[in-house]
Amino acid sequence: MVGAKNSLSSFGHAYIEARNLFRQAAHAAGCELEHRVCPGTGPSDEELTVDIAWLGRRDASKVLVLLSGVHGAEGLFGSGVQVDFLARCGAAKLTVGTAALIVHGINPHGFAWMRRTTQENVDLNRNWVNFSGPLPTNEGYDTLANAIVPSEWTPEAQSASREVLQTYADKFGFKALQRAVHGGQYRHPSGIFFGGFELCWSRIVLTDIFERYLRDAVRVGLIDFHTGIGSWGEAVRMNVAPAGSSASERTLRWFGLDAVSPFDDTSPSTRKSGGCSEASIDLLKHAEVTTLTLEIGTVPLIDVVMALREDAWIYENGLALSPAGEAARVRMRAVYFDDDPTWQSMALAASRLTIRQAIAGLAADG
């Protein structure tokens, strides 16, 4: 049973359990609930859905948005935070005139299959670009594509790939390598951090959710929950709004000056194209939007990237339901979520603080 006495029970072990916990918590909190069915099914042929909960008055002028599962495998953390918020806090913690929109598992395919990507093999956090014009280029990824996801997954191929990647880092620097790999690419559909050739299903659904639920909002505070960046259990607050903008200044005012920007070379993250939170500012032009991406560290970034590379190779070669595919899902889960109670407690503590800051920021700016 989900409840304040055992907050760690907010975390499900896998997608279906996490979704059930969310639905139970949302129902108990008195939320309005709906869901959207995603094309395809999960590894056990289960139905995949995006679940949407609305807490509070529908005419609220200020809305707290909690978003989980942009990168599917990171959904276990975001889902647990959402369940914890509903079970512990709910409407009692919302100030007058404030409601909450809670979007659970916006990338349900990735969540169920323990992948970062959608059913189209698209990184949703690289898909928010204008596909009617020239797409962003990434010459670094083009150069390294065959090393990032090689044609074979053997010790020999891995050794050769590491040599290519290390040579690139030695020549151009580690940050250049990070930008090449992580920045987003639009030419290699079987690669990693692929932004797509068109709008993916999850982007279309989230756009519709925002347009329908937030059309009357005057102020929006959006928190997008992620894992995989930072030291173990460390909370990294990412200020993804354009540097120097009023949205960026509000993020710093609400969440503190330690909110780092991917445009800063000292950031543990890197600049990217097509980010979801960044796009919300333009998508909701009628409202004052303040965003924060909350990252919780798990394992070293090199281990995260290795798991992503293996995952891409597995799916490119049709091995998703093989023993190798199952082993790859286990490794993906391990790099994006930790069953250690200490890690979970640290993650929840950081999330609760961040949500409180967002609620206070909405009230103060209102």
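Please read these numbers as outputs of a predicted model, since none were measured by experiment. (Residues numbered from 1 in each chain as written. Predicted model: local features only at pLDDT ≥ 70, side-chain atom pairs only at ≥ 80, totals over all residues. Heavy atoms only, no water.)

## Thoughts on empty space enclosed by the protein
Reasoning step 1: Under the definition given, this model contains two cavities of 30 Å³ or more.
Reasoning step 2: Across the lining of the second largest cavity, the residue classes break down as four nonpolar, three polar and four charged. (1 Å grid on protein atoms, 1.4 Å probe; cavity = no way out; pocket = protein on both sides within 12 Å on 5 of 7 lines; lining within 4 Å. Points joined across faces, edges and corners; volume = space filled by probe spheres on them. Nonpolar A, V, L, I, M, F, W, Y, C, P; charged D, E, K, R; others polar.)

## Description of the packing of helix 5 (residues 155-172) against helix 6 (residues 174-182)
Reasoning step 1: It is at 6 Å that the axes of helix 5 and helix 6 come closest, and there the two elements cross at 125 degrees. In terms of orientation, helix 5 lies oblique with respect to helix 6. Of helix 6, the residues touching helix 5 (which contributes Leu165, Tyr168, Ala169 and Phe172) are Phe174, Ala176, Leu177 and Ala180.
Reasoning step 2: Counted by class, the contact of helix 5 with helix 6 contains eight nonpolar, no polar and no charged residues. (Axes fitted to C-alpha atoms, helices over the stretch in contact; angles between N-to-C directions. Helix = DSSP H or I, 4+ residues; strand = E, 2+ residues; numbered from the N terminus. Parallel < 35°, antiparallel > 145°, perpendicular 65-115°, else oblique. Contact = heavy atoms within 4.5 Å.)

## What about the pairing of strand 7 (residues 288-296)?
Reasoning step 1: Extensive coverage of strand 7 is indicated by the burial of eight of its nine residues.
Reasoning step 2: Across four bridges, the pairing between strand 6 (residues 235-238) and strand 7 is antiparallel. For methionine 238, the partnering residue across the bridge sits in strand 7 and is threonine 293. (Buried < 20%, exposed > 50% of the residue type's maximum accessible area, 1.4 Å probe, protein only. Pairing = 2+ DSSP bridges.)

## Focus on the environment of arginine 212
Reasoning step 1: Mapped onto the elements, arginine 212 comes out in helix 7 (residues 201-213).
Reasoning step 2: When residues no more than four places from it in sequence are discounted, the contact partners of arginine 212 are Glu34, Arg36 and Arg58.

## Concerning the packing of aromatic side chains
Reasoning step 1: One pass over the structure, following the stated rule, counts 11 aromatic pairs.
Reasoning step 2: Ring centres 6.4 Å apart and planes at 35 degrees place the aromatic pair tryptophan 153 and tryptophan 313 in the tilted group. Taken together, the residues span a long stretch of sequence, with tryptophan 153 in the loop between helix 4 (139-148) and helix 5 and tryptophan 313 in helix 10 (residues 301-316) at a distance of 160 residues.
Reasoning step 3: Exposure remark for tryptophan 313: the relative accessible area of 16% places this residue in the buried category.
Reasoning step 4: Ring geometry for phenylalanine 337 versus tryptophan 343: centroids 5.4 Å apart, planes at 75 degrees, classification edge-to-face.
Reasoning step 5: Judged by relative accessible area, which is 3%, phenylalanine 337 ranks as buried.
Reasoning step 6: An aromatic cluster is defined as three or more aromatic residues linked by ring pairs; in this entry it consists of Phe11, Phe77, Phe225, Phe337 and Trp343.
Reasoning step 7: Against the face of tryptophan 54 rests arginine 58, its NZ or CZ located 5.1 Å from the ring centre. (Phe/Tyr/Trp six-rings, centres within 6.5 Å; stacked < 30°, edge-to-face > 60°. Lys NZ or Arg CZ within 6 Å of the ring centre and 35° of its normal.)

## Considering the pattern of salt bridges
Side-chain pairs of opposite charge can arise whenever the charged atoms involved come near each other.
Reasoning step 1: All told, the structure shown has 19 salt bridges when counted by the stated rule.
Reasoning step 2: Note that arginine 57 is salt-bridged to aspartate 59, the shortest N-O span being 2.9 Å. As far as the burial class goes, arginine 57 and aspartate 59 line up, both exposed.
Reasoning step 3: The partner of arginine 88 in a salt bridge is aspartate 84, and the shortest N-O contact between them spans 3.8 Å. In this pair, arginine 88 and aspartate 84 are both assigned in helix 2 (residues 75-88), four residues apart and thus about one turn of the helix distant. (Salt bridge = Lys/Arg side-chain N within 4 Å of Asp/Glu carboxyl O.)

## Thoughts on the nonpolar core
Reasoning step 1: Formed by 104 residues in total, the largest nonpolar core has its most connected members in Leu64, Phe85 and Leu101.
Reasoning step 2: Top contributing element to this core by residue count: helix 12 (residues 341-365), with eight residues. (Core = buried A, V, L, I, M, F, W, Y, C linked by side-chain atoms within 4.5 Å.)

## A few points about the sheet that holds strand 1 (residues 32-41)
What links the strands of a sheet is backbone hydrogen bonding, and the strands pair in either a parallel or an antiparallel sense.
Reasoning step 1: Spatially, 1-2-4-3-5-7-6 is the arrangement adopted by the seven strands of the open sheet, whose pairing is mixed. Every interior strand has two partners, whereas the edge strands, strand 1 and strand 6, have only one. Taken over all neighbouring pairs, the strand axes of this sheet differ in orientation by 15 degrees on average, direction set aside.
Reasoning step 2: The sheet contacts of helix 2 involve strand 2 (47-55), strand 3 (62-67), strand 4 (98-104), strand 5 (219-227) and strand 7, and relative to strand 4 the element is tilted by about 145 degrees.
Reasoning step 3: Seen against the sheet, helix 8 (residues 246-255) touches strand 5, strand 6 and strand 7 and runs at an angle of roughly 55 degrees to strand 7.

## Here we look at helix 11 (residues 323-336)
Reasoning step 1: A rise of 1.5 Å per residue sets the reference length of helix 11, with its 14 residues, at 20 Å; its end C-alpha atoms lie 20 Å apart and thus fit the reference within 8%.
Reasoning step 2: For helix 11, the complete set of buried residues consists of Gly325, Ala328, Arg329, Met332, Arg333, Val335 and Tyr336. For helix 11, the angular spread of buried residues about the axis comes to 165 degrees, placing them on one side. Exposed residues pointing more than 90 degrees away from the buried face of helix 11 are listed as Pro323 and Val330.
Reasoning step 3: On its buried side, helix 11 packs onto helix 2, helix 3 (108-113), strand 5 and helix 10. (Expected span 1.5 Å × (residues − 1). Arc of directions from axis to C-beta.)

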